[in-house]
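Single-letter residue listing:
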Amino acid sequence: MGTRVLVVEDDATVADVVCRYLEREGFAVERAADGVAAVELALAAPPDLMVLDLMLPGLDGLEVFRRVRAAAPIPVIMLTARGDESDRVAGLDLGADDYVAKPFSPRELVSRVKSVLRRSQGAPAPAGSTPATLSAGDIEVDVGARDVRVGGAPAALTVREFDLLVFLMAHPRTVFRREELLERVWGYTFGDVSTVTVHVRRLREKVEQDPATPSHIRTVWGVGYRFEP
Amino acid sequence: MRPRSFWIVLVAGALVVAGLSWAVGMTLADALRMAGIAGGASLAVFVLGSAALFALRRRSIMTQATGVALTTIAATAAASVAAADAMFLSVHDLRMLFVILAAAGTVGLLGAIILGRRVAGASRSLAEATRRIGEGEVAMPGAPTSTAERSSPAEFAHLADELAAMSVRLQEAHRKERALEASRRELVAWVSHDLRTPLAGIRAMVEALQDGVVSDPATVASYYDTLCVEADRLAGLVDDLFELSVIQAGALNLHLVQASLSELVSDAMATASVFARAKGVRLEGRMCSEGPPLALSTLEMTRVVRNLLQNAIRHTPSDGTVWVETGVEASQAYVAVEDGCGGIPDQDLDRVFDLAFRGTAARTPSGDGGGGLGLAIVRGIVEAHRGEVSVRNEGQGCRFEVRLPMDGTAG
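Counting from 1, residues in each chain are numbered in the order their sequence is written. Written order determines the labels here, with chains lettered from A and ligands numbered from 1. Per-residue local features are limited, in this predicted model, to residues with pLDDT of at least 70; the limit for side-chain atom pairs, both in listing and counting, is 80 or more; totals at the level of whole chains, interfaces and linings are taken over all residues.

## Here's the deal with the overall build of chain B
Numbering of helices and strands runs from the N terminus, with a helix taken as a DSSP run of H or I at least four residues long and a strand as a DSSP run of E at least two residues long. The secondary structure content of chain B amounts to 11 helices and seven strands. Contact definition: two residues whose C-beta atoms, as placed from backbone geometry, lie within 7 Å. Of the contacts made within chain B by residues no fewer than 6 positions apart, 74% connect residues no fewer than 24 positions apart.

## Section: the sheet that holds strand β4 (residues 76–80) of chain A
All names here are of chain A. Two strands are counted as paired when DSSP detects at least two bridges linking them. Read from one edge to the other, the open sheet built from five strands follows the order β2-β1-β3-β4-β5, with strand pairing classed as parallel. Only two strands of the sheet have a single neighbouring strand rather than two, namely β2 (28–32) and β5 (98–101). Taking the axes of each pair of neighbouring strands and ignoring which way they run, one obtains an average angle of 20 degrees across the sheet. Note: strand β1 (residues 4–8) against β2, five bridges, orientation parallel. Axis geometry follows a simple rule: fit a line to the C-alpha atoms, using only the stretch in contact for helices, then measure angles between N-to-C directions, giving values from 0 to 180 degrees.

## Brief notes about the interface of chain B and chain A
On the side of chain A, 23 residues touch chain B, which itself brings 23 residues to the contact. Secondary-structure elements contributing two or more residues to the side of chain B that touches chain A are α6 (154–211) and α7 (217–248) of chain B. Sorting elements by how many residues they give to the side of chain B that touches chain A places α6(B) first, with 14 residues. Of the residues belonging to the side of chain B that touches chain A, the class tally is 10 nonpolar, seven polar and six charged. Classes in brief: Ala, Val, Leu, Ile, Met, Phe, Trp, Tyr, Cys and Pro nonpolar; Asp, Glu, Lys and Arg charged; the others, Gly included, polar.

## Regarding the packing of helix α8 (residues 261–279) of chain B against helix α9 (residues 298–314) of chain B
All names here are of chain B. Put simply, α8 and α9 touch, their axes get as near as 9 Å, and they point 30 degrees apart. The pairing of α8 with α9 is recorded here as roughly parallel in orientation. In this structure, α8 meets α9 at a crossing whose hand is right-handed. Residues Leu264, Val265, Ala268, Met269, Thr271, Ala272, Phe275, Ala276 and Lys279 of α8 touch α9, and the partners they reach there are Thr298, Met301, Thr302, Val305, Arg306, Leu309, Gln310 and Ile313. With respect to orientation, any angle under 35 degrees is reported as roughly parallel, any angle over 145 as roughly antiparallel, any angle of 65 to 115 as roughly perpendicular, and every other angle as oblique. Note: crossing handedness is left-handed where the near helix turns anticlockwise from the far helix by less than a right angle, and right-handed where it turns clockwise.

## Quick notes on the sheet that holds strand β10 (residues 175–177) of chain A
All names here are of chain A. As summarised here, the arrangement of the three strands in space is β10-β12-β11, forming an open sheet in which the pairing is antiparallel. Looking at strand neighbours, the two that pair on one side only are β10 and β11 (217–220), the edges of this open sheet. In this sheet, adjacent strand axes meet at a mean angle of 35 degrees when their direction is disregarded. Here β11 runs beside strand β12 (residues 224–227); their pairing, made up of four bridges, is antiparallel. Pairing of isoleucine 217 across the sheet is with phenylalanine 227, part of β12.

## Considerations on the confidence of the model for chain B
All names here are of chain B. A residue's pLDDT is the confidence the predictor assigns to it, expressed on a 0 to 100 scale. With 90% of its residues at a pLDDT of 70 or more, chain B shows a mean pLDDT of 82. Low pLDDT (under 50) marks residues 360–369, which in the prediction has 20 contacts with non-local residues, meaning those over four places away or in another chain. Model confidence for the complex is summarised by a pTM of 0.62, with the ipTM given as 0.73.

## Brief notes about the environment of Leu101(B)
Residue and element names in this part refer to chain B. Tracing the backbone shows leucine 101 in helix α4 (residues 91–134). Along the chain, leucine 101 and isoleucine 73 lie 28 residues apart, while their C-alpha atoms are 8.3 Å from each other. Here leucine 101 is in contact with Ala77 and Ser80, once residues within four sequence places are set aside.

## Some details on the nonpolar core
A set of buried Ala, Val, Leu, Ile, Met, Phe, Trp, Tyr and Cys residues, joined to one another through C-beta atoms within 7 Å, is what we call a nonpolar core. For every residue, the other C-beta atoms within 10 Å of its own C-beta are counted; 20 or more classify it as buried, 12 or fewer as exposed, and values in between as partly exposed. C-beta atoms are placed from the backbone. Counting 49 residues, the largest nonpolar core has Val8(A), Val18(A) and Val51(A) as the members making the most contacts within it. For this core, the element with the highest residue contribution is helix α1 (residues 12–24) of chain A, accounting for seven residues. Residue contacts for Val51(A): discarding those within four places in its chain leaves Val5(A), Val7(A), Val8(A), Val18(A), Ile77(A), Leu79(A) and Val113(A). Residues Val265(B), Met269(B), Leu296(B) and Val322(B) belong to the second largest nonpolar core, which totals 37 residues.

## Comments concerning the packing of helix α8 (residues 178–186) of chain A against helix α9 (residues 194–207) of chain A
All names here are of chain A. Running from amino to carboxyl end, α8 crosses α9 at an angle of 85 degrees, the nearest separation of the two axes being 9 Å. Between α8 and α9, the crossing angle belongs to the class labelled roughly perpendicular. Contacts between α8 and α9 involve Arg178, Leu181 and Leu182 from the first element and Thr195, Val196 and Thr197 from the second. Within the contact of α8 with α9, the residues separate by chemical class into three nonpolar, two polar and one charged.

Encoded structure:
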């Protein structure tokens, strides 16, 4: 049985196109047009990935996300038609793996689906040769075991946050633009760089002593980010 | 002192003086002389007291009240002393008079201080109430909050009531402001979401056609059809948005002509019947009474009726009925549309005419183009015609009513 993707989208046109694209790539695709059906489907037979529209009849997308995630760690890519940046990243803040703003390119969505699946199915980080363990200050990372400790206490990082941290720690004092990070950590050659911004913010909250004045993941003003050991 | 009360006191005082001098058997000449001496001495003190009060005019109410009392007492004392001197009383009697005056003066002054304190207290509590209103607290009219307010003089009590009423009006204005702000935010969210949704469909379909993801002729043809529908939907939304922004900017230009509302309703029903048949909804109606022609913009009023009919048909299940009624009642022409939507929760009834309000959380517009701006547009146009629109639950659904004044001076 192939990789199963659940598409939750109430707009029939968009759902149809997305399903066709995913089927063409060889995925087994299921569809749900409302939140309640989505939760039922996802809990009955957890898919490998869920594409989830945020505004749904019956049950709001964020609520669907919470319920599904409470039961199983299914990777989720969110679709949102809201323009407000804070609404857009609300899903990421909850821990979604990625989001795509409408109107979007179905081609781009498919490449994100593949990228998220690659990561969640345990492929090595696209960071090239990385040492088995990394440490800086009170941050210790066991790359092989995907284990992060801050001051001895385990830190719960999502797949992308972990990749981002490992990539930055493996290249200390090197400045990366957001686009570069998006390409080298996420594997996207296009897309919305605010994904990077949100992940950096979340990562700082998890590994920095004082996330407001980070001592490791430093902002290089007007350029990007740099890791300071 | 008001001129009227001034004259009343003057005349009453003269009468009392005349009456008393007659009663004690004084001659007219004696009475006039004594009154002149006493009045002159009082007047002299009063002039001095007035000058002192003028100097004190910016001091506290208590100081001023004490000043008034002191002036009155001093004037009485001066009059008594002058009169006593004129009557050649014995030195002993004159000294007695001083003792009496000192005692009476002290008591009078104490009374003035107590009175002044009360007035000053009332004024302070009024100032306190004003400060609270300024900080956004609501005072209820006629509900004094402290003892000082309850026992305050009439003018202060009146002022306190005025302040309380003003605070209620202020509160109402704040509430309206917040509601308007919320509906603006909702509109922005609406524009952002509802314009993106058809765009997302168009974008996805075009790319699918480009990439050859759909290739069999039947599907390709249906994609082209859907593209047209989505583009129309987008155009409809842009139209609605334009109309609404014109209404909100107060720039709605009504070309008023004399027209019959019932005829306009009949035309709109004929147009909407196609949509109703497609959905399996019965569209029925009755003209209760033919009113005189009204001054209205046929274009805009047709839009009102069309929006109401579309809204009703959209929310009525197939095999249901939409009932339309038009007529004249209480010097107003009206059109009422009843649907089979199953009713609107009471707390939402007020909001159906708000921008972008939808009964359900699902915000993806159904294929029939329900943009959520239709009823807001209805209200805008009806109000521009000086009419009113209302909604209430009735029977299987709800009843929307538009009422227009018949005095023909719309706009």
